[in-house]
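Observations on the model geometry
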Amino acid sequence: MRPDGDMTADSAPPLLRMRDIAKQFPGVRALTGVDLTVHGGEVVALLGENGAGKSTLMNILAGVHADYDGVIELDGEPARIHSPKQAAHHGITMIHQELNLVPELSVSDNVFLGRELRSRRGTLDRKAMHRRTTELLAELGLALPPQQPVRECRIAERQLVEVAKALNGRLKILVMDEPTSALAAAEVERLFTVIRSLSRRGVGIVYISHRLEELKEIADSVTVLRDGGYVGSRDAHTVGRDELVALMVGRPLDNLYPRAAEQRSDGPVRLEVSGLTFTPTPGQSGTALHDLDFTVRAGEIVGLAGLMGAGRSEVLESLYGARGPVTGSIKLDGRPYAPRSPRQAIRRGLALVAEDRKAQSLVLDNTVRFNTTLAALHRFLRPWRTVNRRAEKAAAAEQNAALGTKTASVETVVGTLSGGNQQKVVLAKCLLTKPTLLLVDEPTRGIDVGAKAEIHALLDRLAEAGSAILAVSSELPELLGICDRILVLCEGRITGEFHRDPAHGPVAAQEAILSAAMARQAVLASGSTLVGSAHD
Amino acid sequence: MTDTLSDSPGSGSGAGAGSGSGSGAPEVPDRHRPGTTERLRRALPALGSLQSYIGLVLVIAAGVITKGAVFWNQTNLTNAITAFASRGILAVGVTLVILTAGIDLSVGSILGIGSMTAAMLLVHHGLSPLLIVPACAAVGALFGFLNGVGTTWLKIQSFVMTLAMLSVVRGIDRQVSNNVAVGVQLIGPNGQPTRKADAFAKLGTPGHQLVSGSWLPLFGRAGVGYPLIAFFAVCVVFQLILSRTRFGRHIYAVGGNPVAARLSGVNVALVVIAVFTLSGMLAGFAGPIDAAYSASADPLAGTGYELDAIAAAVIGGTSLAGGKGSVTGTAVGALILTLLDNVLGLNAVSDNLQLIIKGLIVVVAVVLQRPGFLRGAVDPLTRRIRYRRG
């Protein structure tokens, strides 16, 4: 993949060399003595647990942090990068985890934001911008109308729009912060194709990811950070997964998917859904669901697999009453249940870990305590509906301690915690309502390996203790690792059901699930793309 | 005041130690850690921001330095606060709305119609103040409820909805009053003020003028009349609602993240309707106080008060983005505005200049209250120092 190999690297100066970078935040040393080298056409994976300093290092490169120590060299020349503008001048683009698009503007307007094309009269040349946008998106295998507002795009589509935006400028170094965390398998493959073609053009790529599986496929070298320090670099093709994990966490990690081998299938049926149908109202985003039948038993983890736009989140949100009226019959513990509102769902023992924890689950400016008890305040009420704050605080502390949330105190502002700890607060909030059916949507998106394993173990413990869990994930290995059963959705229909234990039915395997996920895609493939069709 | 502040780091760390849930290690090096001011503020969440207290001290100092005892005496201070009490009450209601990330521009008009309602009930129907006050609050609550319904069911942005309400309510006020002010100093056949008019007048009188026959001689001698009592009581009640009740918690949740609030089982629309209704109710309640203080209900009464109310909330540290702030902070903000008015007035600063100064104070207050402002002021400095070294 790397065209020049090591010989050129010796003779020509590297595209980027960051040396002895240090960064101090008030009270915290975020980085010390970190080195990073990227050659033209090279894909460097930057690894480390959340809080290891990856984002800080990349923010320095992108000019977000003006104030740091150390030297940055571009093509062998020292470069001053102290503002995003200077970084852009050097051809450095960073695609942040929290995407930087203006939701109200169209796809095309976003791609051309700050470098709009103008006609001779000085007015915007929309036609040319639309044409160019369509071309750029086509390179990414995305067929979005350029005039569609970004707010109507799903997370994965927005990510690809960001890539298109970067491609639209002068590009020498592209930093991608977890680009695949929101993508389903087919989109990941497409992104990799794009990365390879950029690399052939000589663009240096820094790639931050928590998915160790994909590194071998896409990266040339791997640089590992831990606790703000440089741990080492390895050749991505030869390094083993276990070695990387050991480098990242500083100790060998136990199994990422700790669970019993046998399928749990003898619990009573907790959720019984038949003929579930949901049609988005005009203007509402989302995929329609058609006539779904399934059950979830107590003590069972059932996975929902499928491509982006298959309707996985819609299933959870419909059950949770967050999506508006649905038709069909739903029974909870044998009693009929008609989802009306999240409020009622919580009362009936449902809890939802939503897809996007920052946008949907947390009040980021408020404390761990506030967030943990928000859905279960009724448990701490005294007369006059006042909150018993002592009991509330004790419960919040206890629940977070049980989940191993790392926080100085329950009065810490949630927005200052790492992604993994934020997710534990979300789980603590859900568990405090004492749910009997837990709906989890992307429970480990964007969190580090250690926290992932802990959350997997937690879900398994909950199931062992008799909870019913319905889980959505874009990471198939995750579903395969934690689920007893996997239902595959495609365009709002169930197209397959797979089991951990072959005695119960077709056994869950990556290839079989993927082919079920694309079952109808074969029919529709002519013309519309995966992503486009989800919105038709 | 100094005592409270120097005590707080201790109580803050004590609270932290109680949790014992995790290691104290800096788990997130790439996020900034709380500075001293932030820790102070966290320890005193209900007391508003530190900066607003500093502002209050500065205003008082300015008054004492320029006017000495003319400023710093009971009569002047209670007169000043009494004059501002009705606007302070508006500010409390507006704070509730702002905490949910909304805005209420209609409170000035609602106060106006409250004051007109009070005067008409008194003059034309001879109602007792004991009935007039709740009636005015109910009228205000009705308009506030309509604001809430418009923003939730009709999905109109609160700025637009309450701007429209500002206009509509003012129009109704002027229509029913025929554009004529209604005096509330009724003279009975014996040449003395009627008993009810006398009772009504007390609603707006500073305490030290309530010499004899007052229900509250003790307060009266201390200069505390009904306007002050009402303002203080409203502040206490609503601060307690915010910090102690589930409803208060839900207000912060709706303002901080409405999606998360809804998915956590909060009835977001109900909370929004409730805060608008309460804001309207408080504005209606302030109406009779304002009418009694002015001795008449002017059809233009309350014009522009919404801006004072919003300014008080903002100076007190309430964020227009929602989810952050407190009624106590707003009370301090209202005090700052009150005393500033008074100090400028005593120094014979012209009205025009006063407006300019007030506007600037709002800007300064908002800049000072930005999280990490102090750090922001220091950082460029260290950067410069570092460049010179490197």
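Calculation rules
Residues numbered from 1 in each chain as written. Chains lettered and ligands numbered in written order. Predicted model: local features only at pLDDT ≥ 70, side-chain atom pairs only at ≥ 80, totals over all residues. Helix = DSSP H or I, 4+ residues; strand = E, 2+ residues; numbered from the N terminus. Rg over C-alpha atoms; globule rule 2.2 N^0.38 Å. Buried ≥ 20, exposed ≤ 12 C-beta atoms within 10 Å, placed from the backbone. Pairing = 2+ DSSP bridges. Core = buried A, V, L, I, M, F, W, Y, C linked by C-beta atoms within 7 Å. Contact = placed C-beta atoms within 7 Å. Domains from an automatic or database assignment. Nonpolar A, V, L, I, M, F, W, Y, C, P; charged D, E, K, R; others polar. UniProt positions renumbered as here; feature names shortened; annotations may be inferred. Arc of directions from axis to C-beta. Axes fitted to C-alpha atoms, helices over the stretch in contact; angles between N-to-C directions. Parallel < 35°, antiparallel > 145°, perpendicular 65-115°, else oblique. Left-handed = near helix turned anticlockwise from the far one by under 90°.

Quick look at the overall build of chain A now. Scanning chain A from terminus to terminus reveals 20 helices and 22 strands. Computed over the C-alpha atoms, the radius of gyration of chain A is 24 Å, within 12% of the 24 Å expected from 2.2 N^0.38 for a compact globule of 536 residues. Judged by the C-alpha coordinates and their principal axes, chain A covers about 70 × 55 × 50 Å. Counting all 536 residues of chain A, 53% fall into the buried class.

Another point: the pairing of strand β4 (residues 69–74) of chain A. Residue and element names in this part refer to chain A. Inspection of the sheet shows β4 paired to strand β5 (residues 77–78) by 2 bridges, in the antiparallel sense. Bridged to Glu-73 within β5 is Pro-78. Where β4 folds back onto β5 in an antiparallel hairpin, the turn is made up of 2 residues, including Asp-75, whose phi is positive at roughly 50 degrees.

What follows concerns the nonpolar core. Ranked by internal contacts, the top residues of the largest apolar core, which has 262 residues, are Tyr207(A), Leu439(A) and Leu90(B). In terms of residues, this core owes the most to one element, helix α13 (residues 268–294) of chain B, which gives 15 residues. Sequence-distant contacts of Leu439(A), that is, excluding residues within four places in its chain, are made with Leu316(A), Leu319(A), Tyr320(A), Leu350(A), Ala351(A), Leu352(A), Val353(A) and Leu470(A).

The next thing to look at is the domain arrangement of chain A. How large an interface is tends to be reported as the accessible area lost when its parts come together. Residues and elements named next belong to chain A. Entries for chain A in the domain assignment read domain 1 (5–91 + 170–249), domain 2 (104–169), domain 3 (254–349 + 465–536) and domain 4 (351–434). With 9 residues of domain 1 at the contact, the number on the domain 2 side is 10 residues. The leading source of residues in the side of domain 1 that touches domain 2 is helix α7 (residues 185–200), at 3 residues. Residues belonging to the side of domain 1 that touches domain 2 are distributed by class as follows: 6 nonpolar, no polar and 3 charged.

On to the UniProt feature "transmembrane region" (unreviewed entry) in chain B, then. All names here are of chain B. With numbering matched to this structure, UniProt assigns "transmembrane region" (unreviewed entry) to residues 43–65, 77–99, 105–123, 130–154, 224–242 and 263–286. Annotation note: span residues 130–154, helix share 92%, strand share 0%, distance between end C-alpha atoms 36 Å. Helix makes up 83% of residues 263–286 and strand makes up 0%, while its end C-alpha atoms are separated by 36 Å.

This paragraph deals with helix α18 (residues 510–517) of chain A. Buried residues of α18(A): Ile513(A), Ala516(A) and Ala517(A), and no others. When α18(A) is viewed along its axis, its buried side chains cluster within an angular range of 100 degrees and face the same direction.

What follows deals with the environment of Ile346(A). Within the element layout of this structure, Ile346(A) appears in helix α11 (residues 342–347). C-alpha separation for the pair Ile346(A) and Pro149(A), spaced 197 residues apart in sequence, amounts to 33 Å. The contacts of Ile346(A), once residues within four sequence positions are left out, are Ala351(A), Ala375(A), Thr433(A) and Gly265(B).

Quick look at the packing of helix α5 (residues 107–125) of chain B against helix α7 (residues 158–177) of chain B now. All names here are of chain B. Relative to each other, α5 and α7 sit at 20 degrees, their axes nearing to 8 Å. As the angle between them shows, α5 and α7 are arranged roughly parallel. The two elements α5 and α7 cross, and the hand of that crossing is left-handed. Where α5 approaches α7, its residues Gly-108, Ser-109, Ile-110, Gly-112, Ile-113 and Met-116 are matched on the opposing element by Leu-166, Val-169, Arg-170, Ile-172, Asp-173, Val-176 and Ser-177. Per-class residue counts for the contact of α5 with α7 are 7 nonpolar, 4 polar and 2 charged.

Residues and elements named next belong to chain B. It is at 6 Å that the axes of α5 and helix α14 (residues 305–315) come closest, and there the two elements cross at 125 degrees. Taken together, α5 and α14 sit at an angle that is classed as oblique. Residue-level contacts link Val-107, Gly-108 and Leu-111 of α5 to Tyr-305, Glu-306 and Ala-309 of α14. Split into classes, the residues belonging to the contact of α5 with α14 amount to 4 nonpolar, 1 polar and 1 charged.

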